[in-house]
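For reference, the chains in residue letters:
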Amino acid sequence: MRRAVIVFVLCGAAALAAQQRSPVNRPWPPGVQKVPDQSPALSPADALKTFYMPPGYRLELVASEPLVQDPVAMDWDADGRLWIVEMPGFVPNLTAPEPNLAPIGRVVVLEDKNNDGVMDKRTVFADGLALVRAVKVLDHGVLVGEPPNAWLMHDTNGDLKMDTKESVTDLYGRRDGRVEQNANMFFWAMDNRMYTANGDLMLRLKDGKFEVQKTLNRGEWGATQDDAGRVYRNTNSEAIHVDLVPTAYYARNPNLIRTRGSYENLTDDTTNVNATWPVRPNPGTNRSYQFGILRPDGTLAAFTSVCAPLIYRGDRLPAELYGNAFLAEPAANLVSRVVLRDDGSTLRAKKAYDGAEFIASTDERFRPVFLANAPDGTLYIADMYRGVIQQRADITEYLRDQITSRRLEEPTGMGRIYRVMHDSTRRGPAPSLSRATPTQLAQALAHPNGWWRDKAQELLVERGSKGVEPSLRQMATTAADYRARLHALWTLDGNDGIDVATVTRALEDTSRDVRVAALRIAERWMGTEGHPIQAAVLKRLDDGDWAVRAQLAASIGALPTTVRLGAAESLDRKSTRLNSSHVSESRMPSSA
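These figures come from a predicted structure and were not determined experimentally. (Residues numbered from 1 in each chain as written. Predicted model: local features only at pLDDT ≥ 70, side-chain atom pairs only at ≥ 80, totals over all residues. Heavy atoms only, no water.)

A. Structural detail: the overall build of the protein. Within the protein, the secondary structure is distributed over 13 helices and 26 strands. A compact globule built from 592 residues would reach a C-alpha radius of gyration of about 25 Å, and the protein, at 24 Å, matches this within 12%. C-alpha atoms of the protein, sized along the principal axes, occupy 80 × 60 × 45 Å. Looking at the 592 residues of the protein, the share that counts as buried comes to 61%. (Helix = DSSP H or I, 4+ residues; strand = E, 2+ residues; numbered from the N terminus. Rg over C-alpha atoms; globule rule 2.2 N^0.38 Å. Buried < 20%, exposed > 50% of the residue type's maximum accessible area, 1.4 Å probe, protein only.)

B. Expanded view of helix H5 (residues 450–463). The end-to-end C-alpha distance of H5, which contains 14 residues, comes to 20 Å, matching closely the 20 Å that a straight helix rising 1.5 Å per residue would cover. A large share of H5 lies buried, amounting to 13 of its 14 residues. Regarding H5, its N-cap is Asn449, as a side-chain oxygen of that residue lies 3.0 Å from the backbone nitrogen of Trp451 further along. Among the residues trailing H5, Gly464 stands out with phi positive, at a value near 95°. (Expected span 1.5 Å × (residues − 1). Polar contact = N/O pair within 3.5 Å; in protein donor to acceptor, adjacent residues only side chain to side chain.)

C. Examining unusual backbone geometry more closely. Following Trp28, the chain continues into Pro29 via a peptide bond in cis, with omega recorded as -5°. Residue placement: Pro29 occurs in the loop between helix H1 (2–19) and helix H2 (44–48). The amide bond that connects Glu65 to the next residue, Pro66, takes the cis arrangement and shows omega of 5°. Of note in this structure, Met185 is not a glycine but carries a positive phi near 80°. Within the chain, Tyr263 stands out as a residue other than glycine whose phi angle is a positive 55°. Looking at where Tyr263 falls in the secondary structure, it is placed in the loop between strand S17 (238–242) and strand S18 (264–265).

D. Representation of the sheet that holds strand S7 (residues 134–137) within the structure. With respect to topology, four strands assemble into an open sheet ordered S7-S8-S9-S10, the strand pairing being antiparallel. Of all the strands in the sheet, just S7 and strand S10 (164–169) have a single pairing partner and so form its edges. Within the sheet, the average angular offset between the axes of one strand and its neighbour, ignoring direction, is 25°. Of the strand pairs in this sheet, S7 and strand S8 (residues 142–146) are connected by four bridges, and their pairing is antiparallel. Counterpart to Val137 in the pairing with S8 is Val142. (Pairing = 2+ DSSP bridges. Axes fitted to C-alpha atoms, helices over the stretch in contact; angles between N-to-C directions.)

E. Examining the layout of surface pockets more closely. Computed from the structure, the largest pocket encloses a volume of approximately 750 Å³. Lining the largest pocket are 36 residues, with Glu180, Thr304, Ser305, Ile389 and Gln390 sitting closest to its centre. Class assignment for the residues of the lining of the largest pocket results in 20 nonpolar, ten polar and six charged. (1 Å grid on protein atoms, 1.4 Å probe; cavity = no way out; pocket = protein on both sides within 12 Å on 5 of 7 lines; lining within 4 Å. Points joined across faces, edges and corners; volume = space filled by probe spheres on them. Nonpolar A, V, L, I, M, F, W, Y, C, P; charged D, E, K, R; others polar.)

F. Structural view of the environment of Asp191. For Asp191, the location among the structural elements is in the loop between strand S11 (184–188) and strand S12 (194–197). Within the local environment of Asp191, its side chain forms a polar contact with the side chain of Tyr195, the two groups lying 2.6 Å apart.

G. Quick look at helix H7 (residues 482–494). Between its terminal C-alpha atoms H7 stretches 18 Å, which fits the 18 Å expected from 13 residues at 1.5 Å a residue. Those residues of H7 not exposed but buried are Arg483, Ala484, Arg485, Leu486, His487, Ala488, Leu489, Trp490, Thr491, Leu492, Asp493 and Gly494. The elements touched by buried residues of H7 are strand S13 (201–206), H5, helix H6 (469–478), helix H8 (500–506) and helix H9 (512–526). Following H7 by one or two positions, Asp496 adopts a phi angle in the positive range, close to 55°. (Contact = heavy atoms within 4.5 Å.)

H. Quick peek at the packing of aromatic side chains. Applying the stated rule across the entire model yields twelve aromatic pairs. For the pair Phe51 and Tyr418, a centre-to-centre distance of 5.3 Å together with 75° between the ring planes defines the contact as edge-to-face. Remark: Tyr418 occurs in strand S26 (residues 416–422) and Phe51 occurs in strand S1 (residues 51–52); sequence separation between them is 367 residues. The residues Phe51 and Tyr418 share a single accessibility class, namely buried. Members of the aromatic cluster, each reached through a chain of ring pairs, are Phe51, Phe366 and Tyr418. The cationic tip of Arg26 hangs over the ring face of Tyr52; the distance from NZ or CZ to the ring centre is 4.3 Å. The ring of Trp525 is capped by Arg524, whose NZ or CZ atom sits 5.8 Å from the centre of that ring. (Phe/Tyr/Trp six-rings, centres within 6.5 Å; stacked < 30°, edge-to-face > 60°. Lys NZ or Arg CZ within 6 Å of the ring centre and 35° of its normal.)

I. Focus on the nonpolar core. With 155 residues, the main nonpolar core has Ile359, Ile417 and Val420 as its most contacted residues. Among the elements that line this core, the one with the most residues is H9, at nine residues. Excluding anything up to four places from it in sequence, Ile359 contacts Phe51, Tyr52, Met53, Leu59, Asn333, Leu334, Val335, Phe366, Ile381 and Val420. (Core = buried A, V, L, I, M, F, W, Y, C linked by side-chain atoms within 4.5 Å.)

J. How the structure looks around the sheet that holds strand S16 (residues 231–235). Judged by pairing direction, the sheet is antiparallel, and its four strands sit side by side in the order S15-S16-S17-S18 without closing on themselves. Looking at strand neighbours, the two that pair on one side only are strand S15 (224–225) and S18, the edges of this open sheet. By the bridge criterion, three bridges tie S16 to S17 in an arrangement that is antiparallel. Bridge pairing links Tyr232 to Val242 in S17.

K. Layout of empty space enclosed by the protein. By the definition in use, this model includes eight cavities of 30 Å³ or more. The space that makes up the largest cavity amounts to roughly 460 Å³. Residue lining of the largest cavity: 32 residues in total, with Asp75, Lys136, Met185, Phe187 and Ala372 positioned closest to the centre. Of all the elements in the fold, those that place two or more residues in the lining of the largest cavity are strand S3 (71–76), S7, S11, S15, strand S19 (307–311), strand S24 (368–373) and H5.

L. The arrangement of the pairing of S19 in detail. For S19, the tally of buried residues reaches five of five residues, placing the bulk of the element in the interior. For S19 and strand S20 (residues 325–329), the ladder comprises three bridges, and the chain directions are antiparallel. Residue Leu310 lies in a different strand from S20, and its bridge partner there is Phe326.

M. Representation of the pattern of salt bridges. On inspection of all chains with the given rule, the structure shows 47 salt bridges. Among the salt bridges present, the one from Arg485 reaches Asp509, with a minimum N-O distance of 2.8 Å. Here Asp509 lies in the loop between H8 and H9 and Arg485 lies in helix H7, a separation of 24 residues in the sequence. For the residue pair Arg485 and Asp509, the accessibility class agrees, reading buried in each case. Through salt bridges with shared partners, a single ionic network connects Asp227, Arg313, Arg453, Asp454, Asp481 and Arg483. (Salt bridge = Lys/Arg side-chain N within 4 Å of Asp/Glu carboxyl O.)

N. Just the side chain of Asn198, in detail. Along the chain, the position of Asn198 falls in the loop between S12 and S13. Sequence-distant contacts of Asn198, defined by excluding residues within four places in its chain, comprise Glu180, Gln181, Asn182, Ala183, Asn184, Asn217, Arg218, Gly219 and Glu220.

Keep in mind that these numbers describe shape and distance, not what the molecule does.
Right under this line is the structure:
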């Protein structure tokens, strides 16, 4: 009898595992599928059957309702627990007020207790929140965005529940702001600043205290970075923008009108990056009655709600994906893949596939709204799973008719988390970085998975790196992988453990991304009259790389006036000869 029970349990587990995966190796490209007019809510198992991906790729279900409900953002802590922002206040029905300030939002923690890849425990960390929209798990506490407040919340007894909170700023967006046009994100980037989207501030944790810094408003929902530390965002109709030069430089000059190089649009008419290729008609798209919004086959022709950009930097999916941008488009029920390349003068973007998308579903309720690199080396997707994805204030009469006639308004309170997998994928081990020593964290700066490198840097900056600064200096100049050298440099800078000799060597590094970082870090000494770092910086006037010249144009603003003017004129002449527009325009704020 006991043997029979064991066999039954094992068979049940195998069946469950089979249900948790989407089909693989369907015809590719898939084309537009025939679907019913109605779009009822599907079970997670049935929803998985609706996905189309390139050969070899699949989705795995990580969590679903009731474990997760209305997810809009997520973050991982140092031990691999998944923190989710839930927004049940987003258009619960077509008569709810907007903004809906009912205190029903939550931050929850999902745990995979048996390490089988499926979340099995839910803990509500904080609730009673109004349209909460951002979370960042720090060593010092948990940053939570509830406009106009950015809170630092604390769990004081280890039960994963908020016990106390303190205000970091009350300038994080507006309490009465529209749902889709309000501050979101706390993205800790390579330079140790936490960037936002749809807001005009950024945060920095320095010596245990938050600095709140004003900047220019950029993006709509979400932010990400590449291995060089360049920050990317987007708007609802434009796939991807990048800060080739950090936006803070442009904010120095209030009279500057053009900001070429900051929030640079990587889309153009030649690459058709904004085109979308759904696998189902999209009649429930706002304003799709207008000419050109839909194709003759009823599919959405171009992005209308693209969001949550992510540069994939993991180590467990095929190498072809590394460094690519992934973009969520909830209105068209898809996730798009865009290939980025350096053409020798700037970055360019191109759709990865002709007439197809990386992920596309025939389920109209598949609403991807957030993407994340993961500790296991894969890519995770938060699906808000609902019929209505348009904020109520913008719903046209056409869309209202679609919603009511096709019963899209309900149910709400659902949600799924998916993981992208490939036939070749073996998930990486779960982290335990909360207990890691400074030496172990320093070693993790060279990890092949960008999530580990980023988290190790964050923890070293938060905790201090005094005991490992000699090894970090060595890593910054001798590590075989330029990415490790970059992280070591920025870790030292974040803890004020950087020294002139290390930066001077970095200015001569074979990697242009290391040289760019060294220019930014060198600014801490560049304003001192006669400082030797000035000569090392000015040697970069002859640097042949466009990214180095662009950063140099901004960084020379830190030089004393007499040195700065001559350097700016020299750089301008060289850049004109090289036809480098980013340099000539980014030079303007340097003289502000």
